[in-house]
Number of protein chains: 2
Amino acid sequence: MKRTENLTPFIVMDILQRANEIGDCIHFEVGQPDMAPSGGVLDGMREALDDGQFPYTPAKGIMPLREKISDFYKQYYRVQVSPERVMLTVGTSGAFLIAYSILVDIGEKLAFTDPGYPCYKNYSYVLGIDPVMIPVGAETNYQMTAGMLAEHENVKAVQISSPCNPTGNLYGKENLLGLIEYCKSKDIGFISDEIYHGLVYSGVKEHTALEFSDDAIVINGFSKYFCMPGARLGWMILPEKLVRPAEVVMQNLFISAPTMSQIGCVHAFDYKFLEDYKAEYEKRRDFLYNELKSIFKIDVVPEGAFYIWADISEYSDDCYNFALELLENARIAVTPGVDFGRNNTGKYIRFAYTRNIEHMAEGIRRLKEYLKQR
Amino acid sequence: MKRTENLTPFIVMDILQRANEIGDCIHFEVGQPDMAPSGGVLDGMREALDDGQFPYTPAKGIMPLREKISDFYKQYYRVQVSPERVMLTVGTSGAFLIAYSILVDIGEKLAFTDPGYPCYKNYSYVLGIDPVMIPVGAETNYQMTAGMLAEHENVKAVQISSPCNPTGNLYGKENLLGLIEYCKSKDIGFISDEIYHGLVYSGVKEHTALEFSDDAIVINGFSKYFCMPGARLGWMILPEKLVRPAEVVMQNLFISAPTMSQIGCVHAFDYKFLEDYKAEYEKRRDFLYNELKSIFKIDVVPEGAFYIWADISEYSDDCYNFALELLENARIAVTPGVDFGRNNTGKYIRFAYTRNIEHMAEGIRRLKEYLKQR
Ligand SMILES: Cc1ncc(COP(=O)(O)O)c(C=O)c1O
Ligand SMILES: Cc1ncc(COP(=O)(O)O)c(C=O)c1O
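Our subject in this report is the structure included herewith. (Residues numbered from 1 in each chain as written. Chains lettered and ligands numbered in written order. Predicted model: local features only at pLDDT ≥ 70, side-chain atom pairs only at ≥ 80, totals over all residues. Heavy atoms only, no water.)

## What to know about the pairing of strand S7 (residues 217-221) of chain B
All names here are of chain B.
No. 1: The buried fraction of S7 is high, at five of five residues.
No. 2: Burial of the side chains of S7 extends over both faces: Ile217, Ile219 and Gly221 are buried on one face and Val218 and Asn220 on the other.
No. 3: As judged from the four bridges shared by S7 and strand S8 (residues 234-237), these two strands associate in the antiparallel manner. Counted as the bridge partner of Ile219 is Met236 from S8. (Buried < 20%, exposed > 50% of the residue type's maximum accessible area, 1.4 Å probe, protein only. Helix = DSSP H or I, 4+ residues; strand = E, 2+ residues; numbered from the N terminus. Pairing = 2+ DSSP bridges.)

Here it is, written out as structure tokens:
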């Protein structure tokens, strides 16, 4: 069957399962934070439980949280976003389904990078969209450019993510602006996945697409920076004219986002908590990047998110078997690059720095020892 | 744009919004229970909060809950379902998206009844599926039959729901079996929406499609019988050969269902609580049905769910304006029939008995008074 025959499973799940069987593994494969959210969120959820708050919410979500998100754009980016343009979704995952549904028709084209987050292509297959996978590499710091886009005809919408998963790089301001202007000139929808915003290091400040355009669809959520992957709560900022179409898709596909998560997340914008958490992740990034640089070639500086994209070609050109080898022989779990596309991904593996430095240090010790005797 | 231009919004939302503006309304429009879930669920969620349980779960969901669901099939229907065939989903809404994705390709046909739950058709439009809406009425007690299906060529899958929303009727055993056997003989996928199971009255016992076939996809969830619409948690029982394809779609479209909801719902199978709740709803059904019978023609006995489908043709043939009229003049909110399809739905309105008898009695008083002087 055509719709699902191209879908790719999460290969990392094989690794995870095997790691659990083996036991005593070092986890560089896990793409989620290891911390609980701020105390205010937990208290908010406890209150909601005591109140027995289990009804559906309106499709766009509860207003107090949509207002907090609107405030966040003001405080964090100095951008005005009316709460009317904010819609809460079931994870950012749910937001992509809605954005693609309203921007791209059956058989039409959506462009994104390879390597990139694997679900973009799989959402496309499920929705009958024709995915245009644009190969990117170190030459452009793993960014798509307007020039690359111009080589493809009839693209209806573009999906970027910054900071990127799996490469950890950030889109530069100039390139971001160039892409947005190109899309505007060609009437191409622009979707910006900003789920790793907040996790940007070395004093660099990330840019939301909304700084440059009110026509972009911006998608963010509570799974990464806000430490709540299991809450399954995301949001989207919509251009005014797309608010109603998006709401109708939301009503029908999801009814509403999880109520308890919405109530708790009203308290998630605890900027002190978020700064401390980011500082911890910056230390982890520094530690892991310094160590890995001496072992693998790293052709992209990890500026954000919590990933490092390591070129293993000195050791292997088959990342899947290399990952299995590390797992079986050194009890280190990593994600094979092929999970993220087909463009040269066989010679990369992805390290996540979602565990503390002590845990990672043991991993580095095992890695060095194993590679020495290999 | 084709994908979304046919999507229908929830018309009842207009009613709801206007009802909130007016204030002091009687709510016959709300399609969700007015009770909190059993105490065990709340305690389970409190513990999960104290533990800081916010990670993603495996795509298929946590095993303890999948085991409880497997037990439920044994205890409630005497049917064996391995937990391996159980997958937790984001509401039943999320389960339909997965079932349709794996059974019906782009441009292929899915059949269901008109009137019926409006989202079936809207999932179809979003997924590029060609919906076949089969008109049903009082002649077959609002059931689709194998004979009706046989009039359509190339149907890939059939979606039924029993007890039905909006009509509250149940599929009889013989007809259910006939439909399932017809589908088997023609290699047509069979999807059974059993979200209102448990809410079946007068001592009648409902049948799960799994009693007759292991090839059916059965969809159920925690929004109605288990009183947790806001938990956004559903489940699907899959034929063995579809477990893996469904898991891959789940991973990609949703990652996993809400974690807190999964942990809490391990305690949801509190049969004493559920019996009491059903007894209360049976009283409400009896009250409302007896009252409405003397006001409207009711051509389908409400055997289950929490809805009554009332023929208003004695008063109007425009259910939307009739609903607005009741709202503005009598402060009674009902759902216009046109929310549920195009087949003769203009002369019906849907009453939900999701509020207590006192509240409903006041509604009946207002309704009678208004209709007398109209
Ligand atoms: C780049 C990117 N976007 C989106 C998501 C989806 O996350 P969620 O659905 O939890 O918001 C992920 C998760 O790993 C991701 O890496
Ligand atoms: C017949 C029917 N199926 C499915 C649903 C979806 O419910 P949920 O996504 O909350 O499980 C509803 C909700 O009203 C319904 O009436």
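From this point, things continue past the structure.
## A look at the pattern of salt bridges
Residues and elements named next belong to chain A.
No. 1: Within the structure shown, the criterion is met by 44 salt bridges over all chains.
No. 2: Between Lys184 and Asp215 there is a salt bridge whose closest N-O contact spans 3.6 Å. With Lys184 in helix H8 (residues 173-186) and Asp215 in the loop between strand S6 (189-193) and strand S7 (217-221), this residue pair connects regions lying 31 residues apart in the sequence.
No. 3: Judged by relative accessible area, Lys184 falls into the exposed class, the value being 53%.
No. 4: Between Glu291 and Lys368 there is a salt bridge whose closest N-O contact spans 3.1 Å. In this pair, Glu291 is assigned in helix H11 (residues 271-293) and Lys368 in helix H13 (residues 357-373), connecting sequence segments 77 residues apart.
No. 5: Given a relative accessible area of 39%, Lys368 falls into the partly exposed group.
No. 6: Three or more residues joined by partner-sharing salt bridges are found here, namely Asp24, Arg331, Glu362, Arg365, Arg366 and Glu369. (Salt bridge = Lys/Arg side-chain N within 4 Å of Asp/Glu carboxyl O.)

## Here we look at the site of ligand 2
No. 1: Close contacts around ligand 2 come from 15 residues, with Tyr56 of chain A together with Thr92, Ser93, Asp193 and Ser223 of chain B the closest.
No. 2: With respect to ligand 2, the chains having nearby residues are chains A and B.
No. 3: One of the side-chain nitrogen or oxygen atoms of Asn165 of chain B is found 2.7 Å away from an oxygen atom of ligand 2.
No. 4: For ligand 2, whose free accessible area comes to 400 Å², the fraction covered by protein is 97%.
No. 5: Ranked by residues supplied to the shell around ligand 2, first place goes to helix H5 (residues 91-103) of chain B with four residues. (Near = heavy atom within 4 Å. Polar contact = N/O pair within 3.5 Å; in protein donor to acceptor, adjacent residues only side chain to side chain. Areas by Shrake-Rupley, 256 points an atom, 1.4 Å probe, with all protein chains shown as cover.)

## Quick notes on the interface of chain A and chain B
No. 1: Between chain A and chain B, the residue contacts involve 61 residues of the former and 61 residues of the latter.
No. 2: Carbon and sulfur atoms supply 64% of the area that chain A and chain B bury against each other, a total of about 5,000 Å² over both sides.
No. 3: Contact with chain B buries area across many residues of chain A, yet Arg3, Phe54 and Tyr56 of chain A alone supply 15% of it, more than any other trio.
No. 4: Seen at the junction of chain A and chain B, the total is two salt bridges.
No. 5: Between Arg46 of chain A and Asp50 of chain B there is a salt bridge, and its shortest N-O distance comes to 2.9 Å. (Contact = heavy atoms within 4.5 Å. Buried area = accessible area lost by both parts, 1.4 Å probe.)

## Points about the relation of the copies chain A and chain B
No. 1: With an axial shift of 0.0 Å and an RMSD of 0.0 Å, the rotation relating chain A to chain B amounts to 180°. Here the symmetry operator amounts to a two-fold rotation axis. No C-alpha of chain A approaches the rotation axis more nearly than that of Leu127 of chain A, which lies at 2.6 Å.
No. 2: Residue by residue, 100% of the interface of chain A is reproduced at the interface of chain B, so both copies engage with the same surface. (Least-squares fit on C-alpha atoms with pLDDT ≥ 70 in both.)

## As for the side chain of Ser223 of chain B
No. 1: In this structure, Ser223 of chain B sits in the loop between S7 and S8.
No. 2: Ignoring anything within four residues of it in the chain, the contact list for Ser223 of chain B reads Tyr56 of chain A together with Pro33, Ile195, Met228, Pro229, Arg232 and Leu233 of chain B.

## Observations regarding the sheet that holds strand S11 (residues 335-336) of chain B
Residue and element names in this part refer to chain B.
No. 1: Strand order across the open sheet formed by three strands is S9-S12-S11, with antiparallel pairing between neighbours. Each having just a single partner strand, strand S9 (307-311) and S11 make up the two edges of the open sheet.
No. 2: Against the sheet, helix H12 (residues 319-330) contacts S11 and strand S12 (348-352), and its axis sits at roughly 45° relative to S12. (Axes fitted to C-alpha atoms, helices over the stretch in contact; angles between N-to-C directions.)

## Considering the side chain of Thr259 of chain B
No. 1: As for its placement among the helices and strands, Thr259 of chain B is situated in helix H10 (residues 259-265).
No. 2: Residue class for Thr259 of chain B comes out buried when judged on its relative accessible area of 4%.
No. 3: Beyond its immediate sequence surroundings of up to four residues, Thr259 of chain B is in contact with Gly230 of chain A together with Gln53, Pro55, Tyr56 and Thr57 of chain B.

## Topic: the packing of aromatic side chains
No. 1: This structure, assessed with the given rule, holds 75 aromatic pairs over all chains.
No. 2: When the ring of Phe72 of chain A is compared with that of Phe226 of chain A, the centres are 6.3 Å apart and the planes differ by 70°; the resulting orientation is edge-to-face. On the criterion of sequence distance, the pair formed by Phe72 of chain A in helix H4 (residues 63-77) and Phe226 of chain A in the loop between S7 and strand S8 (234-237) is long-range, its members being 154 residues apart. Across the pair, Phe226 of chain A and Phe72 of chain A agree in class, each one buried.
No. 3: Aromatic pair Phe72 of chain B and Tyr73 of chain B: ring centres 5.5 Å apart, planes at 80°, arrangement edge-to-face. One exposure class covers both Phe72 of chain B and Tyr73 of chain B, and it is buried. (Phe/Tyr/Trp six-rings, centres within 6.5 Å; stacked < 30°, edge-to-face > 60°.)

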